[in-house]
Amino acid sequence: MAFEGLSERLEAAFKRLKSKGSLNEADVRAAMRDVRMALLEADVSYKVAKDFTTKVTERAIGADVMESLTPAQMVIKIVNEELIDLMGGTKTRLATAAHPPTVIMLCGLQGAGKTTHCAKLALMLKNRGSRPMLVACDIYRPAAIKQLQVLGEKVGVPVFEKGTQDPVETAKQAVALARDEGNDYVLIDTAGRLHIDEQLMDELKRIKSEVRPHEILLVVDAMTGQDAVNVASTFNETLGIDGLILTKLDGTAKGGIVFSIKKELDIPVKFIGVGEKYDDMQTFDAKQFVDALFEA
């Protein structure tokens with residue numbers, strides 16, 4: 001389970017704090033060294049981990065903490081608050097068009113789970129009472145269109161496809177049809193690549209220019225660790241990413257990418273994939289996530 005190791009290491013660091021009746025600055029700094037190591041082992045970047053523990057230390061060595069009746073609990077509370085802040089604080093919602101449909105463009109590297117999570121997002125929106133449409137704009141990966149059609153059928157959402165036609169034209173036609181037929185969300189499944197290349201980025205820019213999406217979501221595999229920061233940075237510079245769908249958090253992913261991307265690129269995690277089932281996707285809530293981390 002993602003973050004299981006981080007939970008255990010934080011628990012060990014806090015246990016040492018709690019064993020002391022009173023705290024001094026050295027105790028706090030020692031505990032923060034443990035917290036920093038825990039973050040680094042969870043794939044949080046060195047700079048983010050260092051800045052985080054420095055900020056916590058500055059708050060924790062204040063007189064109101066040191067002289068309180070429960071200093072260890074005060075330090076733990078500060079760590080909790082700062083972790084929530086590091087991940088963006090509150091939930092961030094999808095943009096909503098003033099005049100439907102709301103166009104959402106999903107992008108990412110091949111293998112991240114983009115097509116599957118496109119369908120999962122469609123199901124989530126459908127369950128909330130919306131009428132989403134899926135759009136097949138990956139004309140390069142063998143059977144990608146068929147995969148989206150199968151997924152669409154399973155989640156009960158229509159799929160618009162025009163075979164190997166220019167994806168830009170397909171996206172344009174899909175938005176027009178959705179407007180005519182009353183679909184309030186259009187989810188565009190764009191082509192992925194094994195690595196970032198100029199052709200991929202040019203096509204994504206052309207689709208963006210043509211349909212002017214209200215939201216661009218980047219699908220990222222949590223198991224890629226710090227490499228995901230570089231991928232997100234490149235997509236963000238080219239397209240302007242509004243949020244992340246972080247996949248495979250149910251596996252052995254260390255999960256530290258949640259902290260690093262938000263801090264380094266200021267891109268919020270909006271959804272997380274936590275299983276293989278079609279409804280195994282959740283809206284990301286930083287407070288709920290951190291609370292679970294402390295309770296694990």
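See the structure above.
Read on for an overview of the structure.

Procedures and definitions
All chains use their own residue numbering, which begins from 1 and follows the written sequence. For a predicted model such as this one, the threshold for reporting local features is a pLDDT of at least 70, and the threshold for listing and counting side-chain atom pairs is 80 or more; totals across whole chains, interfaces and linings nevertheless cover every residue. Side-chain numbers here rest on the full set of heavy atoms in the structure, without hydrogens or water. The pairing criterion for strands is at least two bridges between them, as found by DSSP. Elements are defined by DSSP. Helices are runs of H or I of four residues or more, strands are runs of E of two residues or more, and each kind is numbered from the N terminus. Any two residues whose heavy atoms approach within 4.5 Å at even a single point are treated as in contact. Between the N-to-C directions of two axes lies an angle of 0 to 180 degrees, each axis being a line fitted to C-alpha atoms and, for a helix, fitted only over the stretch in contact. In this analysis, the expected span of each helix is defined as 1.5 Å times one less than the number of residues it contains. Under the scheme applied here, a residue whose accessible area is under 20% of the maximum for its type counts as buried, over 50% as exposed, and between as partly exposed, the area being computed with a 1.4 Å probe on protein chains only. Should the near helix be turned anticlockwise from the far one by less than a right angle, the crossing is termed left-handed; should it be turned clockwise, right-handed. All residues other than Ala, Val, Leu, Ile, Met, Phe, Trp, Tyr, Cys, Pro, Asp, Glu, Lys and Arg, Gly among them, are scored as polar; the first ten of these are nonpolar and the last four charged.

1. Comments concerning the sheet that holds strand β6 (residues 243-247)
Strand order in the open sheet made by the 8 strands is β3-β2-β4-β1-β5-β6-β7-β8, with mixed pairing throughout. Edge positions in the sheet fall to β3 (159-160) and β8 (281-283), since each of these pairs with one other strand and no more. Where strand β1 (residues 102-107) lies against strand β4 (residues 185-190), 5 bridges are found, and the strand directions are parallel. Residue pairing in the sheet places Thr102 in a bridge with Tyr185 of β4. The strands touched by helix α9 (residues 198-211) are β1, β2 (132-137), β4 and β5 (215-221); relative to β1, the strand with the most contacts, the crossing angle is about 175°.

2. A closer look at the environment of Ile196
Mapped onto the secondary structure, Ile196 falls in the loop between β4 and α9. Separated by 87 residues in sequence, Ile196 and Leu109 have C-alpha atoms that sit 7.2 Å apart. If we skip the residues at most four places from it in the chain, Ile196 touches Leu109, Met201, Val231, Thr234 and Phe235.

3. Focus on helix α6 (residues 114-127)
With 14 residues, α6 extends 20 Å from end C-alpha to end C-alpha; this agrees with the ideal 20 Å at 1.5 Å per step. With 11 of 14 residues buried, α6 lies mostly within the body of the structure. Of the positions making up α6, those classed as buried are Lys114, Thr115, His117, Cys118, Ala119, Lys120, Leu121, Ala122, Leu123, Met124 and Leu125. Two residues or fewer after α6 comes Gly129, characterised by a positive phi angle close to 100°.

4. Here's the deal with the packing of helix α10 (residues 227-239) against helix α11 (residues 257-265)
Between α10 and α11, the least distance of the axes is 10 Å, while the angle of their chain directions is 35°. Here α10 and α11 pass one another in a crossing that is right-handed. When α10 is examined against α11, the residues Ala228, Val229, Ala232, Ser233 and Asn236 are found in contact with a partner set consisting of Ile257, Ser260, Ile261, Glu264 and Leu265. Of the residues in the contact of α10 with α11, the class split is 6 nonpolar, 3 polar and 1 charged.

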